[in-house]
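Take a look at the letters that make up each chain.
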Number of protein chains: 2
Amino acid sequence: MSSPNRDPDHGGDSAGTRSPEIRKDPVTNRWVVFSPARAKRPTDFKSKSPQNPNPKSSSCPFCIGREDDCAPEIFRVPDVPDWKIRVIENLYPALNRDLEIQTGQLKTGRVLPGFGFHDVVVEAPVHSIQLSDMDPEDIGGVLLAYTKRIEQIKQHDSVKYIQVFKNHGASAGASMSHSHSQILALPVVPPTVSSRLDGTKEYFDQTGWCCLCEAKPKELVINESCHFVSFVPFAAAFPFEIWIVPKYHSSHFHDLDTNKAVDLGRLLKLMLQKMAKQLNKPPFNYMIHTSPLEVAESQLLYTHWFLQIVPQLSGVGGFEIGTGCYINPVFPEDVAKVLREVSLP
Amino acid sequence: MSSPNRDPDHGGDSAGTRSPEIRKDPVTNRWVVFSPARAKRPTDFKSKSPQNPNPKSSSCPFCIGREDDCAPEIFRVPDVPDWKIRVIENLYPALNRDLEIQTGQLKTGRVLPGFGFHDVVVEAPVHSIQLSDMDPEDIGGVLLAYTKRIEQIKQHDSVKYIQVFKNHGASAGASMSHSHSQILALPVVPPTVSSRLDGTKEYFDQTGWCCLCEAKPKELVINESCHFVSFVPFAAAFPFEIWIVPKYHSSHFHDLDTNKAVDLGRLLKLMLQKMAKQLNKPPFNYMIHTSPLEVAESQLLYTHWFLQIVPQLSGVGGFEIGTGCYINPVFPEDVAKVLREVSLP
């Protein structure tokens, strides 16, 4: 949270008319403070660092024709010189695929060898194309490239969790402007994933339902496709955070088939375009929240993957670092209404 | 984590000579990836947005003489017109002190009324003075103002946790440049605090020791004072993160006495000055990690408060948002060595 005192023009019509609320989402299992006294109107949120179309680059190693400047290629789609997508090793990987972990180390150790995979998915051959410019079929192709790489990596016994994510824009963590995403495979199950399992299990035990299978409240829904629904989560930690969830029950993202990948590509494109229009082309991250590779049969009932989109509109401060709680100045139902009504050309 | 490809001049002497490691700190109970392949030399870390001395301001409501432009005052130190420190309500509080929470709501609810306190500590009467400019006695006075306000707030039964924090610089979340910190009192125990209790309990059960009472490895220590030690934590999530821990066992920050407050003020000043010199006056946050207000007698044995300083050198990306894990490009022992050797005038 920032600002003990906001801009003099803070507030607006809705400020002060509603009391703050503290909400907990069963999926994230985390409290979020909704604080309208600190809010601008939902329509006042705009990025201060809009991401404009990439200029041509003569030195980008991700551009077609410069493949030799990259770390080794894992595969390309299609497998011809005139590729559309390339999956490559990260030139400066956070983890090292050649290290080994002994089983005992995981249980007792405070230090593990930094084993893991860290790959890059180059989403388009041309520097000026962003993911949201692409056809749903081509976005579906990127999603299927993720699933193919996950299927390969999960053959390694020491890999426990695979995180797919995209950083778009420098302030969202991207140092390369050529459209790309990353796949990072870890030898441990990360804390947000464990917490999610606890939360969805608790909900399942209480209700008999997977909480992400349940119908979304109408006021939180943005758009739907054949197989997916996009909505603002009930306890969104970030302003204008969006989730895209499969309507059918599915624990693992990598079970996605071609038909559904294109359907998801269409809805993802729509969400990115609406967000860009409403928020002035903000930097953003998206993360695919899937289940750990090894889950018990019983856990399959309440684990359900989803894609989370977070525009970077404000940084975090000492409160968030200290507590792990977030303060969101805008209510999810207000954001959903705004995003439902964005009209695209 | 950012950057699949770093600057061409990334790396340096130490890059590539050491394998990545994954470390877990018993206090935070969280895995952190240490990734030297992505590292610069420890001495290469510099802030890109240095915080220079405040210019005079004619419109800052925190300046002496403009008290009427602020939200109501809670107390001032000393209680005279020529004050040194003021504790005031936040003009745009995240939480509302006038709401009520019923006991039952905490156990079953997914929505709580946004009850809580959100106060501001104005650390100096004059706009140009930053905390690190002040005498140890005056910094001690600020710390004692925190404790006095905590003692007042904890009288309210519904308050479960009180977070004291400071945001310094716009990119660390501060919208006001006049030196100040914030106190936020919550009706729930936040997730990082629960996780810390779990981690320190596990360590205590295994070893019989409070893990923050144990002697710090020499290579991680930066400086010591009579009652405190400053060091880089074994599994620091952020580059150049620093912890200051009381050498004596203490669960609650608000038990600090005057003598120890001045001693802590001296060490805090030294750390802020060293960080400013080494990292080019970075924006930063500090957070006081204390124990929940209600802890069982048995929990007092392994709960130990500390102050965490985090310079803002890089933002978070999709990996951190997705997993809750962090990637730190510099090993704690290398940072501690650099900070030990910083010489101040």
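Values in this document were obtained by computation on a predicted structure and should not be read as measured data.

What counts, and at which threshold
Residues numbered from 1 in each chain as written. Chains lettered and ligands numbered in written order. Predicted model: local features only at pLDDT ≥ 70, side-chain atom pairs only at ≥ 80, totals over all residues. Least-squares fit on C-alpha atoms with pLDDT ≥ 70 in both. Contact = placed C-beta atoms within 7 Å. Pairing = 2+ DSSP bridges. Helix = DSSP H or I, 4+ residues; strand = E, 2+ residues; numbered from the N terminus. Axes fitted to C-alpha atoms, helices over the stretch in contact; angles between N-to-C directions. Domains from an automatic or database assignment. Nonpolar A, V, L, I, M, F, W, Y, C, P; charged D, E, K, R; others polar. pLDDT = per-residue confidence, 0-100. Left-handed = near helix turned anticlockwise from the far one by under 90°. Buried ≥ 20, exposed ≤ 12 C-beta atoms within 10 Å, placed from the backbone. Core = buried A, V, L, I, M, F, W, Y, C linked by C-beta atoms within 7 Å.

Trainee: Honestly, the relation of the copies chain B and chain A in this entry has me stumped. Any pointers?
Mentor: With an RMSD of 0.0 Å, the operation that places chain B on chain A is a rotation of 180 degrees combined with a shift of 0.0 Å along the axis. Considering both components of the superposition, the chain copies are consistent with a two-fold axis. Residues of chain B ranked by C-alpha distance from the rotation axis are headed by G315 of chain B, positioned 3.9 Å from it. Looking at chain B, 99% of its interface residues are interface residues in chain A too, so the copies touch through the same face.

Trainee: Which parts of the structure should I look at to understand the sheet that holds strand 10 (residues 228-231) of chain A?
Mentor: Sheet strands pair by backbone hydrogen bonding; their relative direction is either parallel or antiparallel. Residues and elements named next belong to chain A. On the basis of which strands lie adjacent, the open sheet formed by ten strands has the order 3-4-6-8-7-12-13-11-10-9 and antiparallel pairing. Edge positions in the open sheet fall to strand 3 (73-77) and strand 9 (221-224), since each of these has one partner strand only. Sheet twist, expressed as the mean angle between neighbouring strand axes with direction ignored, is 20 degrees. Here three bridges tie strand 11 (residues 242-246) to strand 13 (residues 306-311), and the two strands are oriented antiparallel to one another. When the bridges of strand 13 are listed, W243 appears paired with Q308.

Trainee: Explain the domain arrangement of chain A to me, please; I cannot follow it from the model alone.
Mentor: Interface size, as often reported, equals the accessible area lost upon joining of the parts. All names here are of chain A. Segmentation of chain A into domains returns domain 1 (21-52 + 190-341) and domain 2 (67-100 + 113-186). Computed over C-alpha atoms, the centres of domain 1 and domain 2 are 22 Å apart. Across the contact, 27 residues belong to domain 1 and 27 residues belong to domain 2. Breaking the side of domain 1 that touches domain 2 down by element, the ones donating at least two residues are helix 4 (258-279) and strand 12 (284-289). Here the side of domain 1 that touches domain 2 is built from residues that sort into 17 nonpolar, eight polar and two charged.

Trainee: Can you help me understand the environment of S47 of chain A in this one?
Mentor: Residues and elements named next belong to chain A. Checked against the element boundaries, S47 lands in the loop between strand 2 (30-34) and strand 3. Put simply, S47 and L279 are 232 residues apart on the chain and 5.7 Å apart in space, counted from C-alpha to C-alpha. If we skip the residues at most four places from it in the chain, S47 touches L279, N280, K281, P282, P283 and L313.

Trainee: Please explain the pairing of strand 9 (residues 221-224) of chain B as it appears in this structure.
Mentor: Both faces of the sheet carry side chains from a regular strand, because those side chains alternate between them. Residues and elements named next belong to chain B. Examined bridge by bridge, strand 9 and strand 10 (residues 228-231) share three bridges and lie antiparallel to one another. Bridge pairing in strand 10 places N223 opposite S230. Between strand 9 and strand 10, which pair antiparallel one after the other, the connecting turn spans three residues.

Trainee: How should the confidence of the model for chain A be read in this particular structure?
Mentor: When pLDDT drops low, the exact placement of atoms in the prediction is not to be read closely. Residue and element names in this part refer to chain A. In the predicted model, chain A carries a mean pLDDT of 91, and the fraction of residues at 70 or more is 92%. When the criterion is pLDDT under 50, residues 1-16 qualifies, and its contacts beyond four places in sequence or with other chains add up to 41 contacts. Both scores are available for the predicted complex, with the pTM at 0.93 and the ipTM at 0.92.

Trainee: Where do I start with the interface of chain B and chain A in this structure?
Mentor: Across the contact, 68 residues belong to chain B and 67 residues belong to chain A. Elements with a minimum of two residues in the side of chain B that touches chain A: strand 1 (21-25), strand 2 (30-34), strand 5 (111-113), strand 7 (161-168), strand 8 (180-186), helix 3 (191-207), strand 12 (284-289) and helix 5 (318-323) of chain B. Top element by residues in the side of chain B that touches chain A is helix 5 of chain B. It accounts for five residues. For the side of chain B that touches chain A, the class distribution of residues is 35 nonpolar, 25 polar and eight charged. Pairing between strand 1 (residues 21-25) of chain A and strand 5 of chain B: three bridges, direction antiparallel. Looking at strand 5 of chain B, one finds that I22 of chain A is bridged to L112 of chain B.

Trainee: What is the right way to look at the packing of helix 2 (residues 136-153) of chain A against helix 4 of chain A in this model?
Mentor: Residues and elements named next belong to chain A. Helix 4 packs onto helix 2 with a crossing angle of 115 degrees between their chain directions and a minimal axis gap of 7 Å. In this structure, helix 2 crosses over helix 4, and the sense of that crossing is right-handed. Between helix 2, through P136, E137, I139, G140, L143 and L144, and helix 4, the contact on the second element is made entirely by T258, A261, V262, L264, G265, R266, L268 and K269. The residue inventory of the contact of helix 2 with helix 4, partitioned by class, reads eight nonpolar, three polar and three charged.

Trainee: Looking at this structure, how should I read the sheet that holds strand 14 (residues 326-328) of chain A?
Mentor: Reading across from one edge, 14(A)-2(A)-1(A)-5(B) is the order of the four strands in this open sheet, with mixed pairing throughout. The open sheet is flanked by strand 14 of chain A together with strand 5 of chain B, the only strands paired with a single partner. Going from strand to strand, the sheet's axes swing by 30 degrees on average, the running direction of each strand aside. Of the strand pairs in this sheet, strand 2 of chain A and strand 14 of chain A are connected by three bridges, and their pairing is parallel. The partner of F34 of chain A across the bridge, within strand 14 of chain A, is N328 of chain A.

Trainee: Can you help me understand helix 6 (residues 332-341) of chain B in this one?
Mentor: Side chains three or four residues apart in an α-helix point the same way, a direct result of the helix having 3.6 residues per turn. Taken together, the buried positions of helix 6 of chain B are P332, D334, V335, A336 and L339 of chain B. Buried residues along helix 6 of chain B sit against strand 9, strand 10 and helix 4 (258-279) of chain B.

Trainee: I tried to follow the nonpolar core on my own but got confused; where do I start?
Mentor: Generally speaking, a soluble globular protein has its nonpolar side chains buried in company with each other. Ranked by size, the top nonpolar core spans 185 residues in total, and within it I244 of chain A together with I244 of chain B carry the most contacts. Ignoring sequence-local partners within four residues, the contact set of I244 of chain B consists of F228, S230, L264, L267, L268, M271, F306 and L307 of chain B.

Trainee: How should I be thinking about unusual backbone geometry in this particular structure?
Mentor: Most of the time, phi is negative for any residue but glycine, and the peptide bond is trans. Residue P78 of chain A is reached from V77 of chain A by a cis peptide bond, and omega for that bond is -15 degrees. Inspection of the secondary structure assignment puts P78 of chain A in the loop between strand 3 and strand 4 (85-89). Even without a glycine there, the phi angle at F240 of chain A is positive, about 70 degrees. Its location among the elements puts F240 of chain A in the loop between strand 10 and strand 11. Residue N280 of chain B is not a glycine yet carries a positive backbone phi of 65 degrees.

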